[in-house]
Amino acid sequence: MTDLTTRSATTRNETGEATGIRRSGTGDPGGKGRTTIADGVVAKIAAASARDVPGIHGLGTGMTRALGSARDRVPAGRPGQTRGVSVEVGERQTAVDLDVVVEYGYPITDVIADMRVAVVAAVERMTGLEVVEVNVAVGDVRLPDEPDEEPQDGPRVT
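Residues numbered from 1 in each chain as written. Predicted model: local features only at pLDDT ≥ 70, side-chain atom pairs only at ≥ 80, totals over all residues. Heavy atoms only, no water.

A. Here's a closer look at the overall build of the protein chain. Each helix and strand in the protein chain was counted, giving three helices and eight strands. Sequence-ordered secondary structure for the protein chain, helices as α and strands as β, is β-β-β-β-α-β-α-β-β-α-β. Burial analysis of the protein chain (158 residues in total) assigns 28% to the buried set. In the protein chain, once contacts between residues fewer than 6 apart in sequence are set aside, the share between residues at least 24 apart is 69%. Looking at the protein chain as shown, the accessible area adds up to about 10200 Å², and 51% of this sits on carbon and sulfur atoms. (Helix = DSSP H or I, 4+ residues; strand = E, 2+ residues; numbered from the N terminus. Buried < 20%, exposed > 50% of the residue type's maximum accessible area, 1.4 Å probe, protein only. Contact = heavy atoms within 4.5 Å. Areas by Shrake-Rupley, 256 points an atom, 1.4 Å probe, with all protein chains shown as cover.)

Encoded structure:
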């Protein structure tokens, strides 16, 4: 988990012009207290933003996806939203590690570059933490004729 301290920030309008400065201290209700962000929060943000990138089929390695898929089918189990994501969160910075599966036909280096940009932007915007690195391991490429391991919505039996 991490504790965030309030920092000075310049407010900008739609055209990018500075419109004011917000500072912590006297008169700033946002500077009264402490905010703690759990590792799981950063992991969920990173996972959601990574999945939204075109060319990313899923997160996690083959074994992780297989075990997670089985766990997802347990009646009391919750879907593994952060499967394939690990984070390290400090006081002002965070690092993200992702295991991904890329769709066949997409240029892997371009997809990963787009994913890094998306993850950094989402985590920094939503948490205020500086993302110092996003490490990516491409564990598989999903071919068009491969079955999808992800559980389908709906009944398992008929």
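B. Looking closely at the pattern of salt bridges. Counted according to the given criterion, the structure contains one salt bridge. Notably, a salt bridge pairs E103 with R142, separated by 3.8 Å at the nearest N-O pair. In this pair, E103 is assigned in strand β7 (residues 93-103) and R142 in strand β8 (residues 130-142), connecting sequence segments 39 residues apart. (Salt bridge = Lys/Arg side-chain N within 4 Å of Asp/Glu carboxyl O.)

C. Quick look at the packing of helix α1 (residues 39-51) against helix α3 (residues 108-127). One way to put it is that α1 packs onto α3 with a least axis distance of 8 Å and a crossing angle of 140°. In terms of their interaxial angle, α1 and α3 are classed as oblique. For the pair α1 and α3, the crossing hand works out as right-handed. Of the residues in α3, those touching α1 at V42, I45, A46, S49 and A50 are M115, A118, V119, A122, V123, M126 and T127. Across the contact of α1 with α3, the residue classes break down as 10 nonpolar, two polar and no charged. (Axes fitted to C-alpha atoms, helices over the stretch in contact; angles between N-to-C directions. Parallel < 35°, antiparallel > 145°, perpendicular 65-115°, else oblique. Left-handed = near helix turned anticlockwise from the far one by under 90°. Nonpolar A, V, L, I, M, F, W, Y, C, P; charged D, E, K, R; others polar.)

D. Seen up close, a negative patch on the surface. On the surface, a cluster of negative charge is made up of D39, E88, D97 and E133. Relative to the assigned elements, E88 resides in strand β6 (residues 85-89). (Patch = residues over 30% accessible without salt bridge, like charges linked within 9 Å, V, L, I, M, F, W, Y side chains within 5 Å. Lys, Arg positive; Asp, Glu negative; His and termini not counted. Charge placed at Lys NZ, Arg CZ, Asp CG, Glu CD.)

E. Seen up close, the environment of A118. For A118, the position within the fold is in helix α3. Since its relative accessible area comes to 24%, A118 is described here as partly exposed. Taking the C-alpha atoms as reference points, A118 and D52, 66 residues apart in sequence, are found 8.5 Å from one another. If we ignore the near neighbours within four places in the chain, the residues touching A118 are S49 and V53.

F. Focus on α3. The end-to-end C-alpha distance of α3 is 28 Å, a good match for the 28 Å that 20 residues give at a rise of 1.5 Å each. Of the residues trailing α3, G128 is marked for its positive phi of about 80°. (Expected span 1.5 Å × (residues − 1).)

G. View of the confidence of the model for the protein chain. When pLDDT is averaged along the protein chain, the result is 77, and 62% of the positions lie at 70 or above. Taken together, the stretch residues 19-25 has pLDDT below 50 and engages in 16 contacts with residues farther than four places along the chain or on a different chain. Of the regions scoring below 50 in pLDDT, residues 63-72 engages in 21 contacts with residues more than four places distant in sequence or in other chains. (pLDDT = per-residue confidence, 0-100.)

H. Region of the structure containing the nonpolar core. In this structure, V85, V96, L98, V100, M115 and V119 are the most contacted members of the largest nonpolar core, which totals 26 residues. Taken together, the elements giving at least two residues each to this core come down to α1, β5 (56-59), β6, β7, α3 and β8. Beyond its immediate stretch of four places on either side in the chain, V96 contacts A46, V85, S86, V87, V119, E133, V134 and N135. (Core = buried A, V, L, I, M, F, W, Y, C linked by side-chain atoms within 4.5 Å.)

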